[in-house]
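Coordinate analysis (summary)
Chain by chain, the residues run as shown.
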Amino acid sequence: CRKSFIVYIIIILILMVAGCSATEKEMNTKAQESVLAAHSLLLETYGFDENGYVCYPDTYAGSWVEDDKLVIALTDTSEESVAEYKAWAGEYADVLQFVQAEYSYNYLYSKMEDVVNNLKEKHDIEIIDYCVSQEKNEIMITVDWSDYLSGVWVSYDVPVSFQVQ
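Residues numbered from 1 in each chain as written. Predicted model: local features only at pLDDT ≥ 70, side-chain atom pairs only at ≥ 80, totals over all residues. Heavy atoms only, no water.

1. Considerations on the overall build of the chain
Looking only at helices and strands, the chain has four helices and six strands in total. Long-range contacts, defined as pairs at least 24 residues apart, comprise 53% of the intrachain contacts of the chain with a sequence gap of at least 6. A total accessible area of about 10600 Å² is found for the chain, and carbon and sulfur atoms account for 54% of it. (Helix = DSSP H or I, 4+ residues; strand = E, 2+ residues; numbered from the N terminus. Contact = heavy atoms within 4.5 Å. Areas by Shrake-Rupley, 256 points an atom, 1.4 Å probe, with all protein chains shown as cover.)

2. A look at the sheet that holds strand 3 (residues 96-100)
Neighbouring strands of a sheet are bound in pairs by backbone hydrogen bonds; such pairs are parallel or else antiparallel. Read across the sheet, three strands follow the order 1-2-3 without closing on themselves; strand pairing throughout is mixed. In this open sheet, the two strands that pair with only one neighbour each are strand 1 (60-66) and strand 3. Geometrically, the sheet is characterised by an average inter-axis angle of 25 degrees between neighbouring strands, direction not taken into account. Examined bridge by bridge, strand 1 and strand 2 (residues 69-74) share six bridges and lie antiparallel to one another. Counterpart to serine 63 in the pairing with strand 2 is isoleucine 72. Along the sheet face, helix 2 (residues 79-89) touches strand 1, strand 2 and strand 3 and points at about 150 degrees away from the line of strand 3. (Pairing = 2+ DSSP bridges. Axes fitted to C-alpha atoms, helices over the stretch in contact; angles between N-to-C directions.)

3. Quick notes on unusual backbone geometry
For aspartate 68, which is not glycine, the phi torsion reads 60 degrees and is therefore positive. Relative to the elements of secondary structure, aspartate 68 occurs in the loop between strand 1 and strand 2. Of note, the phi angle at asparagine 137 is positive, near 55 degrees, even though the residue is not glycine. Within the fold, asparagine 137 resides in the loop between strand 4 (127-133) and strand 5 (138-143).

4. Observations regarding helix 3 (residues 105-121)
Taking 1.5 Å per residue, 17 residues should reach 24 Å; helix 3 reaches 25 Å between its end C-alpha atoms and fits that length. At lysine 111, helix 3 is deflected by roughly 25 degrees, the largest bend along its length. Taken together, the buried positions of helix 3 are occupied by Tyr105, Leu108, Met112, Val115, Val116, Asn118 and Leu119. (Expected span 1.5 Å × (residues − 1). Bend = angle between axes of the 7 residues up to and from the residue. Buried < 20%, exposed > 50% of the residue type's maximum accessible area, 1.4 Å probe, protein only.)

5. Re the pairing of strand 3
The two faces of a sheet get side chains in turn, since along a regular strand they alternate between them. With five bridges connecting them, strand 2 and strand 3 associate as parallel partners. When the bridges of strand 3 are listed, leucine 74 appears paired with glutamine 100. For the handedness criterion, the β-α-β arrangement of strand 2, helix 2 and strand 3 is classed as right-handed. (Right-handed = clockwise from strand over helix to strand, strands pointing away.)

6. Notes on the packing of aromatic side chains
Throughout the structure, instances matching the rule amount to eleven aromatic pairs. Considering the side-chain rings of tyrosine 46 and tyrosine 85, the 6.4 Å spacing of their centres and the 70 degrees angle between planes classify their relative orientation as edge-to-face. Highlighted residues: tyrosine 46 in helix 1 (residues 2-46) and tyrosine 85 in helix 2, separated in sequence by 39 residues. Here tyrosine 85 falls in the buried class, since its relative accessible area comes to 0%. An aromatic cluster is defined as three or more aromatic residues linked by ring pairs; in this entry it consists of Tyr46, Tyr56, Tyr60, Tyr85, Trp88, Phe98, Tyr105 and Tyr109. (Phe/Tyr/Trp six-rings, centres within 6.5 Å; stacked < 30°, edge-to-face > 60°.)

7. Examining the confidence of the model for the chain
Overall, the predicted model of the chain reaches an average pLDDT of 81, with 72% of residues at or above 70. Throughout residues 1-9 the model reports pLDDT below 50, and contacts reaching past four residues in sequence, or to other chains, amount to zero contacts. Overall, residues 11-27 carries pLDDT values under 50, and its contacts beyond four positions in sequence, including any with other chains, amount to zero contacts. (pLDDT = per-residue confidence, 0-100.)

See below:
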């Protein structure tokens, strides 16, 4: 009798754990869906240019997903600015989290070509890839290993990080 009682308890515990896991997965999925919906609404609000590129607001510095939240980096985190983004996200505003950033995405993007061209033309550096890192709020440039070893680096008026390949 005692063994069957213990087996019964173990089965109940397994079912409870399985039930909790399913509930957590459902909550996680719902949170992810809300984050994606908020991101989609924001992109629609920003709009697109004739080439299909997003036209980010001047206060926008980047966004990424962290702990079931859509983290949005802004150069202006005033109440008015945050309220504007929350309004754009509509019913999904509760999944937004805001952080302060120094440079807007548009500003870093506008400086990126200058930095890359400077490295290529004036320093003969082979650029493998480059982009604006929204999370790090900097221009990221991937260079050839031999160029990295040459040590010919210049400072810029925006944050630039180098990766080696």
